Amino acid sequence: MAAPVYVLGGYQTDFARNWNKENKHIVAMLREVVAGGLQATGVDPKSIDVAHLGNFAAELYCMQGHLGAFLVDTDPAFSGLPTSRHEAACASGSIAILAAAAEIEAGRYDCALVVGVEQMKTVDPKTGGDYLGTAAWYEREAKGVDFPFPKLFGRLGDEYDKRFGLKDEHLAHIAAVNYSNAKRNPLAQTRNWYMTEDHARSVDKFNTLIGGRIKVSDCSQVTDGAASLILASEKAAAAYAKPRGVKLEDIPRILGWGHHTAPIEFDAKVAESRDNPYVLPHTRQTVLDALRRAGLADVWSVQGIETHDCFTTSEYMAIDHFGITAPGESWKAVEDGTIEMGGKMPINPSGGLIGCGHPVGATGVRQVLDAFKQVTSEAGEYQIEGAKKIATLNIGGSGTTSVSFIVGL
């Protein structure tokens, strides 16, 4: 990192809420997540120099664009605040974080507000699935296809099956672990839902196939939600720490980051990686870049991971792409309990996208907020004991845009 970027904290809405049923617009979500972030950190709104917002498709779900402009309405002190909105499908929130961090590193600003937001329960599932198809090459991969993304990530599993072999029972265990973790998280969408590993293995009217080998239990759910973060330069973090009696070194930082973009079409990705040991080599490089920039030798230097499990196949991919196992051997970490709470490398203690929820534009921000909670011992019932460094991986499209952060002390 060119200059340190500190994380002062943030706020997450309850991902179990249906804001449309509450007769509330996406703007109400923005107001809550900004006010919540300011209250949680105790940051004076006058200290915010700039704001960045991640969102995928409010123009489709809410008939509302130009969301960055709404941030200035969330607090009287924000009038005239420079704001912008960033879109990279499910990685939109992480791109907003990268933009804010880059401005702090460059010395343009000292204190940045980052918000990720998506309101998705405004349309029926089929229409929502069609909207999500715009994160792929719509004309070639999604137009006229019911629920295109389960099919695309089903094909990711098929590619693993073709190269290395893949048992669906391992995917079912990943789903069960995420649902189990979510029960510890008071803000998780599925915290009160019924799910067992036997149910995740079954294919019946209660757990139907959605696309290819992907069943309902393999999917993250349609979610409304928002998350916020406040990032600070060393100067702003020191000013924040002093009156609170906090040592600067006890405030978490973004220690490293990685960001790569692969071809948008799934077939092009697979063709490009044909002779590579990793199915998604740009995602692998994203992780390696984040570890390198953080000065870490490998993934075993962090104590946990928040990864993008939009479907169980994406978490299965993440296990070997993080280097927890050799390529194609993710099943070993599933079978021996490595990825579970109390395991050698807990993945998604929050419940991840499958358990916590996946409001598309908010997910990257939520992941970094959960990493902050882990390294400050504020994660409550889903705390990883002794967590000092946490890695995240956020993916937009079918493995197209990959962003990884290392957050720690």
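Reading the values: the criteria
Residues numbered from 1 in each chain as written. Predicted model: local features only at pLDDT ≥ 70, side-chain atom pairs only at ≥ 80, totals over all residues. Heavy atoms only, no water. Core = buried A, V, L, I, M, F, W, Y, C linked by side-chain atoms within 4.5 Å. Buried < 20%, exposed > 50% of the residue type's maximum accessible area, 1.4 Å probe, protein only. Helix = DSSP H or I, 4+ residues; strand = E, 2+ residues; numbered from the N terminus. Contact = heavy atoms within 4.5 Å. Polar contact = N/O pair within 3.5 Å; in protein donor to acceptor, adjacent residues only side chain to side chain. Axes fitted to C-alpha atoms, helices over the stretch in contact; angles between N-to-C directions. Parallel < 35°, antiparallel > 145°, perpendicular 65-115°, else oblique. Nonpolar A, V, L, I, M, F, W, Y, C, P; charged D, E, K, R; others polar.

Moving on, we come to the nonpolar core. Grouped together as the largest cluster of nonpolar side chains are 84 residues, with contacts concentrated most on Ile-48, Val-115, Val-117, Phe-322, Ile-324 and Ile-406. Here this core gets 7 residues from one element, more than from any other, and that element is helix α1 (residues 26-41). Those residues in contact with Val-117 that lie beyond four places of it in its chain are Ile-26, Met-29, Leu-30, Leu-53, Gly-54, Asn-55, Leu-67, Gly-225, Ala-226, Gly-361 and Ala-362. Ala-88, Leu-98, Leu-231 and Ile-384 belong to the second-largest nonpolar core, a separate cluster that totals 30 residues.

By the element assignment, His-308 lies in the loop between β9 (304-307) and α12 (312-321). The sequence separation of His-308 and Leu-353 amounts to 45 residues, and the corresponding C-alpha distance is 6.5 Å. At a separation of 3.1 Å, a polar atom in the side chain of His-308 contacts the side chain of Asn-394. Reaching out from His-308, the side chain makes a polar contact with the backbone oxygen of Ile-395 at a distance of 3.1 Å.

Our next topic: the side chain of Glu-103. The residue Glu-103 is located in helix α3 (residues 92-106) in this model. Taking the relative accessible area as the measure of exposure, Glu-103 reaches 13% and is therefore buried. Polar side-chain contacts of Glu-103 include one of 2.8 Å to the side chain of His-52. Those residues in contact with Glu-103 that sit more than four places away from it in its chain are Val-50, His-52, Arg-108 and Tyr-109.

Turning next to the packing of helix α6 (residues 148-163) against α12. It is the contact of α6 with α12, at a shortest axis distance of 8 Å, that shows an interaxial angle of 45°. Comparing the axis directions of α6 and α12 gives the class oblique. Of the residues in α12, those touching α6 at Phe-153, Leu-156, Gly-157 and Tyr-160 are Thr-313, Ser-314, Tyr-316, Met-317, Asp-320 and His-321. The residue inventory of the contact of α6 with α12, partitioned by class, reads 5 nonpolar, 4 polar and 1 charged.

The next point concerns unusual backbone geometry. Positive phi, close to 55°, is recorded for His-66, a residue that is not glycine. Take His-66: it is sitting in the loop between α2 (58-61) and β3 (83-86). Take His-66: its relative accessible area is 64%, and that puts it in the exposed class. Phi at Phe-147 is positive, roughly 50°, even though this residue is not glycine.

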